[in-house]
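Single-letter residue listing:
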Amino acid sequence: QVQLVESGGGLVQAGGSLRLSCAASGSISSITLMAWYRQAPGKQRDLVATIRNDGTTNYADAVKGRFTISRDNAKSTMYLQMISLKPDDTAVYYCYARLVFNAYWGQGTQVTVSS
């Protein structure tokens, strides 16, 4: 099993920045990919960014150039650096870890961007 705990969400004005963290524990050596998803009220949960064990990253078009996903393997922590935030970025952000046979989610952290 893997446990994921997000932190770093909050309220920020449009144009501001936030950094989300996802601390992983448990069978972290079995993780093959980690990602950030987000879900706005009344909408489906959407993929924001992924990072593979080899460091390869991928981003949703809506966040390219503004968000950066990274991992610190020594700290077993994944990050999402967000700049130039927009009101449309308001959502609950979830950490996700994929293993060979399972996948795990964090509890989510709220990001609210005011106009």
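Summarised in this report is the structure supplied together with it. (Residues numbered from 1 in each chain as written. Predicted model: local features only at pLDDT ≥ 70, side-chain atom pairs only at ≥ 80, totals over all residues. Heavy atoms only, no water.)

1. Some words on the overall build of the chain
Which entries qualify depends on this criterion: Here a helix means four or more residues in a row that DSSP labels H or I, a strand means two or more in a row labelled E, and each is numbered from the N terminus. Radius of gyration: C-alpha atoms only; globule rule: 2.2 Å multiplied by the number of residues to the exponent 0.38. Buried, partly exposed and exposed residues are distinguished by accessible area as a fraction of the type maximum, computed with a 1.4 Å probe on protein chains only: under 20%, between the cut-offs, and over 50%, respectively. Residue contacts follow a heavy-atom distance rule, with two residues in contact if any of their heavy atoms lie within 4.5 Å. Using the Shrake-Rupley algorithm and a 1.4 Å probe, accessible areas are obtained, with residue cover drawn only from the displayed protein chains.
Tallying secondary structure elements over the chain gives 0 helices and 11 strands in all. When the elements of the chain are put in sequence order from the N terminus, they spell out β-β-β-β-β-β-β-β-β-β-β. Its C-alpha radius of gyration of 13 Å places the chain within 12% of the 13 Å reference for a compact globule of 115 residues. Along the first, second and third principal axes, the C-alpha atoms of the chain reach 40 × 25 × 25 Å. Per-residue burial over the chain gives 41% buried out of 115 residues. For the chain, long-range pairs separated by at least 24 residues make up 53% of all intrachain contacts whose partners lie at least 6 apart in sequence. Counting only carbon and sulfur atoms, one obtains 47% of the accessible surface of the chain, whose full area is about 6,100 Å².

2. Brief notes about the state of the cysteines
The following threshold applies: Disulfides are defined in this document as cysteine sulfur pairs within 2.5 Å.
Taken as a whole, this structure holds 1 disulfide when the rule is applied. Covalently, C22 is tied to C95 through a disulfide, its sulfur atoms 1.9 Å apart. Between C22 and C95, the disulfide has an S-S torsion of -70° and is therefore left-handed. Of this pair, C22 sits in strand β3 (residues 18–26) while C95 sits in strand β9 (residues 91–98), and the two are 73 residues apart along the sequence. A residue is classified by how much of its surface remains accessible, and C95, at 0% relative accessible area, is buried.

3. Side note on the environment of K64
What counts here: Each polar contact in these results corresponds to two N or O atoms within 3.5 Å; when the atoms are within protein, one needs to be able to donate a hydrogen and the other to accept it, and residues that are neighboring in sequence are counted only if both atoms are side-chain atoms.
Relative to the assigned elements, K64 resides in the loop between β6 (57–59) and β7 (67–72). Note: C-alpha distance between K64 and A49 (15 residues apart in sequence) is 9.1 Å. At 3.1 Å, the side chain of K64 and the side chain of D61 are in polar contact.

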